[in-house]
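Structural description and commentary
One letter stands for each residue in the lines below.
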Amino acid sequence: MTRPTSKPVVRPSSKPVIVNPGTPAPKSGQYKPTKGGPEVTVPKGHRIPPTPNGGPSKLVDPTKNKSGK
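From a predicted model like this one, the values you see are computed outputs, not experimental measurements.

With that out of the way, let us pick up the nonpolar core. Formed by V17, V19, A25, Y31, V42, I48 and L59, the largest nonpolar core amounts to seven residues. Setting aside anything within four residues of it in sequence, one finds V19 in contact with P24, P26, Y31, I48, P56 and S57.

Dropping the structure here:
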């Protein structure tokens, strides 16, 4: 008797990554200001740039390679 194949479990990320301007980025990827403005690409360890309307930035599209973990 064969076992039915199961679908892989897709789990949402535990917490959104929100970083204040001037703080080093914990992960590489696209950061979007929470109060509006253009997305910026920030490598891991580089500082998040100031936002046009003030406030923190949220990681919206993490890098899909192993260097930016």
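More follows now that the structure is in view.
This brings us to the pattern of salt bridges. Applying the stated rule across the entire model yields one salt bridge. For the salt bridge of D61 with K64, the shortest nitrogen-to-oxygen distance reads 2.8 Å.

Inspection of the sheet shows strand β1 (residues 18-19) paired to strand β4 (residues 57-62) by two bridges, in the antiparallel sense. From the neighbouring strand, I18 faces β4, where its bridge partner is K58. In this structure, strand β2 (residues 29-33) lies alongside β4, joined through five bridges in antiparallel fashion. The residue of β4 that forms the bridge with P33 is S57.

Assignment of secondary structure puts S28 in the loop between β1 and β2. Separated by 2.7 Å, the side chain of S28 and the backbone nitrogen of K44 make a polar contact.

Our next topic: the environment of L59. Residue placement: L59 occurs in strand β4. With 30 residues separating them along the chain, L59 and G29 place their C-alpha atoms 6.8 Å apart. Setting aside residues no more than four positions away along its own chain, L59 makes contact with V17, K27, S28, G29, Q30 and Y31.

The rules we used
Residues numbered from 1 in each chain as written. Predicted model: local features only at pLDDT ≥ 70, side-chain atom pairs only at ≥ 80, totals over all residues. Heavy atoms only, no water. Core = buried A, V, L, I, M, F, W, Y, C linked by side-chain atoms within 4.5 Å. Buried < 20%, exposed > 50% of the residue type's maximum accessible area, 1.4 Å probe, protein only. Contact = heavy atoms within 4.5 Å. Salt bridge = Lys/Arg side-chain N within 4 Å of Asp/Glu carboxyl O. Pairing = 2+ DSSP bridges. Helix = DSSP H or I, 4+ residues; strand = E, 2+ residues; numbered from the N terminus. Polar contact = N/O pair within 3.5 Å; in protein donor to acceptor, adjacent residues only side chain to side chain.

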